[in-house]
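# Structural overview for review
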Amino acid sequence: MSVETEVQAVAEAFGRALLANDPPAIADHFTDDWVYVGPDGKVAKADLIEWIASGRLAHLTMEAVGPEHTVATGDALLVTCRRTSTGTWEGEPYTADEWITDLWVRSDGTWKCAFSQKTPA
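Residues numbered from 1 in each chain as written. Predicted model: local features only at pLDDT ≥ 70, side-chain atom pairs only at ≥ 80, totals over all residues. Heavy atoms only, no water.

## A word on the pattern of salt bridges
Our working rule: The working definition used for a salt bridge is a side-chain nitrogen of Lys or Arg within 4 Å of a carboxyl oxygen of Asp or Glu. Strands are runs of DSSP state E lasting at least two residues, helices are runs of H or I lasting at least four, and both sets are numbered from the N terminus onward. Classification of residues uses two cut-offs on accessible area relative to the type maximum, computed with a 1.4 Å probe and protein chains only: under 20% is buried, over 50% is exposed, and between them is partly exposed.
Following the criterion strictly, the structure yields six salt bridges and no others. The partner of Glu68 in a salt bridge is Arg83, with the nearest N and O atoms 3.3 Å apart. A residue pair is termed long-range when its members are at least 10 positions apart, and Glu68 in the loop between strand S3 (57-64) and strand S4 (69-73) and Arg83 in strand S5 (residues 76-89) qualify at 15 residues. Judged by its relative accessible area of 41%, Glu68 is partly exposed. You can call Arg83 partly exposed: its relative accessible area is 26%. A salt bridge links Asp75 to Arg106; its shortest N-O distance comes to 3.1 Å. One end of the pair, Asp75, is in the loop between S4 and S5; the other, Arg106, is in strand S6 (residues 92-107), with 31 residues separating them in the sequence. For Arg106, a relative accessible area of 26% corresponds to the partly exposed category. It is possible to trace a salt-bridge network through shared partners that takes in Glu6, Asp75 and Arg106.

Here it is in structure tokens:
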């Protein structure tokens, strides 16, 4: 099985966890030091998980727009894709159209997301 196929399966499970707004399942897909960088700065894993656990952030839909671009090297895979999503932030609906880049790393035979960056499309 290729690295891309392995990560795709893990990323699909991660997407299901996000849409289920399941904090433990989401957290399991991140390295301990995972960080997200977006237009407003960076967010640590603990903050994102707390937002979802408290209901401050809820994901409703996520959809890829076009193909993914991947770069594999050793035990790391960089994935970039344009995605649209909907959800709520602090009780208010949102829609997003973003370019997302995730860095997946293999550690002890398991793929985890170590870094994510989003840029508005």
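Resuming the write-up.
## Regarding unusual backbone geometry
One non-glycine residue with positive phi stands out, namely Asn21, at about 50 degrees. Here Asn21 shows up in the loop between helix H1 (3-19) and helix H2 (23-28). The backbone of Glu90 sits at a positive phi, close to 50 degrees, despite the residue not being glycine. Topologically, Glu90 is positioned in the loop between S5 and S6.

## Re the environment of Phe14
Note the threshold: Here, two residues are considered to be in contact whenever any of their heavy atoms come within 4.5 Å of each other.
Relative to the assigned elements, Phe14 resides in helix H1. On the basis of relative accessible area, Phe14 is assigned to the buried category, the value being 10%. Taking the C-alpha atoms as reference points, Phe14 and Ile26, separated by twelve residues in sequence, lie 6.3 Å from one another. With residues near it in sequence (within four places) discarded, Phe14 still touches Ile26, His29, Phe30 and Trp104.

## Let's talk about the pairing of S4
Put simply, the test is: The rule for pairing is simple: two strands pair if DSSP sees at least two bridges between them.
Bridging between S4 and S5 involves five bridges; their strand directions are antiparallel. Within S5, the residue paired with Thr73 across the bridge is Ala76. The loop that links S4 with its antiparallel partner S5 comprises two residues; one of these, Gly74, has a positive phi angle of about 55 degrees.

## Quick look at the side chain of Lys45
Stated formally: As used in this structure description, the phrase polar contact means that two N or O atoms lie within 3.5 Å; if the pair is within protein, one of them must be able to donate a hydrogen and the other to accept it, and residues adjacent in sequence are counted only when both atoms belong to side chains.
Position of Lys45 relative to the elements: it lies in helix H3 (residues 45-54). At 3.3 Å, the side chain of Lys45 and the backbone oxygen of Ala27 are in polar contact. Ignoring anything within four residues of it in the chain, the contact list for Lys45 reads Ala27, Phe30, Thr31, Asp32 and Trp34.

## What about H1?
Given 3.6 residues per helical turn, the α-helix brings residues three or four places apart onto the same face. We apply this condition: In this scheme, a helix's expected span is set at 1.5 Å multiplied by one less than its residue total. Each C-beta atom gives one direction from the helix axis, and the arc is the one those directions make.
For H1, with 17 residues, the first-to-last C-alpha span of 24 Å sits near the 24 Å given by 1.5 Å per residue. Within H1, the full set of buried residues consists of Val3, Val7, Phe14, Gly15, Ala17 and Leu18. The arc enclosing the buried residues of H1, seen along the axis, measures out at 155 degrees, which places them on a common side. Asn21 occupies a position one or two residues after H1 and carries a positive phi of about 50 degrees.

Function-wise, these values are silent; they only describe arrangement.
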